[in-house]
Amino acid sequence: MFFNRLLGFLGKDLAMDLGTANTLLYTPKQGIVLNEPSVVAYETPSNRIIAVGASAKELVGRTPGNIVTVRPMKDGVIADFDVTKAMISYFIHKVITGLKFVKPRMVICVPTGITAVEKRAVIESGLDAGAREVLMIEEPMAAAIGAGCPIHEPTGTMVVDIGGGTSEVAVISMGAIAYAESVRAAGDWMNATVQRFFQERHQLFISENMAEAVKIGIGSAYPLPEPLKMNVPGKDVIGGGPKSVVSTDEEIRQALQEPVKTIVRAVRKALEKTPPELVVDVARNGILLAGGGALLKGLDQLIQRNTNIRVNVDDDPLTTVVRGTGRSLEDMQRYKNVYIN
């Protein structure tokens, strides 16, 4: 016990948001110390790691045939165990030195409804990467803690956490999740629908990175007060040469309709399945919107319009989950009941 407290004091413990799109690390002494894409580039057939994180993402679509770029996380869980282990190990060594002598305790956030097999993969990846102990916390719970919600009080709090692979909708009361809904309508699906839109509407192939840039730049879920435009470069579907088109926020809003509607339906379903007393609490407290998808313009307005409940976007939605995971690590006595087995 004393050894664990000493390592925590020294800042050697880690909180990790192991996301489909990005991985974030947090230490008790320094706060957020890493925020990089969950991407790995490796050479075949040797499987030698070439790059990890931001440097690997820059290689996407630009590598020769013997170098592969992958995202080892899919829908918020581990899809490639060996590559995930290598990625976690790289990130841990990047922020903590002397791992041969001091192994960190890690708290990793995971999606709600994660299976026993997926839990075991998360734990084994953390241990194999150098951790001495791995604990897990569900993403909506971590988001609620990160946003400062009163999770231990007998009042209902609704969290909508929109990540890269999944959107998690949960109602929390008295330190536990009363109802949870997880849908695979999130950042990745939005990017894919934008790519498909340009291919079908403009006969233009665009990369996933460009689709994400379009989504961030002019994407929206609700009509904007002022129209936006963006020049979008890519490859001509017919001729194969370079081509660019000018796109508008109205076009991209149309392209994003399907994933956005799925998220709204998940919120409405969660409200329908939640006991009346907790729904009254949610109506009074508002809905918390977190995760990178919370930054989609007008999404808060669309959810509010469809639920008649105020929607509050966290001040820094990209880091809400890792901040909450970190706070649970800083005060484990208070938050010991939020960890899952």
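Keep in mind it's a predicted model, so treat the numbers as computed, not measured.

### A few points about the overall build of the chain
Inference 1: A count of helices and strands for the chain gives 13 helices and 19 strands.
Inference 2: Seen along its three principal axes, the alpha-carbon backbone of the chain occupies a region of about 65 × 55 × 30 Å.
Inference 3: Counted over contacts in the chain with a minimum sequence separation of 6, partners at least 24 positions apart contribute 63%.
Inference 4: Carbon and sulfur atoms form 52% of the exposed surface of the chain, whose accessible area is close to 15,800 Å².

### Some words on the confidence of the model for the chain
Inference 1: Mean pLDDT over the chain: 92, with 95% of residues reaching 70 or higher.
Inference 2: Overall, residues 5-11 carries pLDDT values under 50, and its contacts beyond four positions in sequence, including any with other chains, amount to 12 contacts.

### Observations concerning helix α5 (residues 139-146)
Inference 1: Judged by how many residues are buried, α5 sits mostly within the fold: 8 of 8 residues are covered.
Inference 2: Within α5 the residues assigned to the buried category are Glu-139, Pro-140, Met-141, Ala-142, Ala-143, Ala-144, Ile-145 and Gly-146.
Inference 3: Of the residues flanking the end of α5, it is Gly-148, one or two places downstream, whose phi is positive at about 80 degrees.

### Describing the sheet that holds strand β18 (residues 311-313)
Inference 1: Pairing is mixed in the open sheet, where 5 strands are placed in the order β13-β12-β11-β17-β18. Each edge of the open sheet carries a strand with a single partner, namely β13 (176-183) and β18. Within the sheet, the average angular offset between the axes of one strand and its neighbour, ignoring direction, is 20 degrees.
Inference 2: Sheet topology places strand β17 (residues 287-290) next to β18; 3 bridges connect them, and they run parallel. Across the sheet, the residue bridging to Ile-287 is Val-311, located in β18.
Inference 3: Running over the sheet, helix α9 (residues 257-273) touches β11 (157-162), β12 (167-173), β13 and β17 and is turned about 150 degrees from β13.

### Thoughts on the domain arrangement of the chain
Inference 1: Assigned domains within the chain: domain 1 (154-185 + 258-317) and domain 2 (187-255).
Inference 2: Placing the centre of domain 1 and that of domain 2 at their C-alpha centroids yields a distance of 27 Å.
Inference 3: Counting residues at the interface gives 17 residues for domain 1 and 16 residues for domain 2.
Inference 4: Between domain 1 and domain 2, a total of about 1,300 Å² is buried, with carbon and sulfur atoms accounting for 66% of that surface.
Inference 5: Three residues, Pro-259, Leu-296 and Lys-297, lead the burial of domain 1 against domain 2; their summed loss comes to 43% of the area buried on that side.
Inference 6: In this assembly, domain 1 and domain 2 are joined by 0 salt bridges.
Inference 7: Linking domain 1 with domain 2 are 6 residue pairs in polar contact (both at pLDDT 80 or more).
Inference 8: For the side of domain 1 that touches domain 2, the secondary-structure elements that each account for two or more residues are α9 and α11 (299-307).
Inference 9: For the side of domain 1 that touches domain 2, the element with the highest residue contribution is α9, accounting for 5 residues.

### Digging into helix α12 (residues 320-330)
Inference 1: Across the 11 residues that make up α12, a large majority, 9, are buried.
Inference 2: Buried within α12 we find Thr-320, Val-321, Val-322, Arg-323, Gly-324, Thr-325, Gly-326, Ser-328 and Leu-329.

### Considerations on the sheet that holds strand β16 (residues 242-248)
Inference 1: Here we have 3 strands laid out as an open sheet, ordered β14-β15-β16, and antiparallel in their pairing. The open sheet is flanked by β14 (204-205) and β16, the only strands paired with a single partner.
Inference 2: Two strands pair when backbone bridges link them, and β14 and strand β15 (residues 229-236) are joined in this way by 2 bridges, in the antiparallel orientation. Within the sheet, the bridge partner assigned to Phe-205 lies in β15 and is Lys-235.
Inference 3: Against the sheet, helix α7 (residues 208-218) touches β15 and β16, its axis set at about 165 degrees to β15.

### A few points about the layout of surface pockets
Inference 1: Looking at the largest pocket, its volume works out to about 860 Å³.
Inference 2: Lining the largest pocket are 40 residues, with Ala-21, Asn-22, Gly-163, Gly-164 and Glu-212 sitting closest to its centre.
Inference 3: For the lining of the largest pocket, the secondary structure elements donating two or more residues are β2 (22-27), β3 (31-37), β6 (67-70), β11, α6 (187-202) and α7.
Inference 4: If you tally residues by element for the lining of the largest pocket, the top one is α7, at 5 residues.
Inference 5: The residue inventory of the lining of the largest pocket, partitioned by class, reads 14 nonpolar, 16 polar and 10 charged.
Inference 6: Lining the lining of the largest pocket are residues from two domains, each supplying at least three of them: domain 1 (154-185 + 258-317) and domain 2 (187-255).

Rules used throughout
- Residues numbered from 1 in each chain as written.
- Predicted model: local features only at pLDDT ≥ 70, side-chain atom pairs only at ≥ 80, totals over all residues.
- Heavy atoms only, no water.
- Helix = DSSP H or I, 4+ residues; strand = E, 2+ residues; numbered from the N terminus.
- Contact = heavy atoms within 4.5 Å.
- Areas by Shrake-Rupley, 256 points an atom, 1.4 Å probe, with all protein chains shown as cover.
- pLDDT = per-residue confidence, 0-100.
- Buried < 20%, exposed > 50% of the residue type's maximum accessible area, 1.4 Å probe, protein only.
- Pairing = 2+ DSSP bridges.
- Axes fitted to C-alpha atoms, helices over the stretch in contact; angles between N-to-C directions.
- Domains from an automatic or database assignment.
- Buried area = accessible area lost by both parts, 1.4 Å probe.
- Salt bridge = Lys/Arg side-chain N within 4 Å of Asp/Glu carboxyl O.
- Polar contact = N/O pair within 3.5 Å; in protein donor to acceptor, adjacent residues only side chain to side chain.
- 1 Å grid on protein atoms, 1.4 Å probe; cavity = no way out; pocket = protein on both sides within 12 Å on 5 of 7 lines; lining within 4 Å.
- Points joined across faces, edges and corners; volume = space filled by probe spheres on them.
- Nonpolar A, V, L, I, M, F, W, Y, C, P; charged D, E, K, R; others polar.

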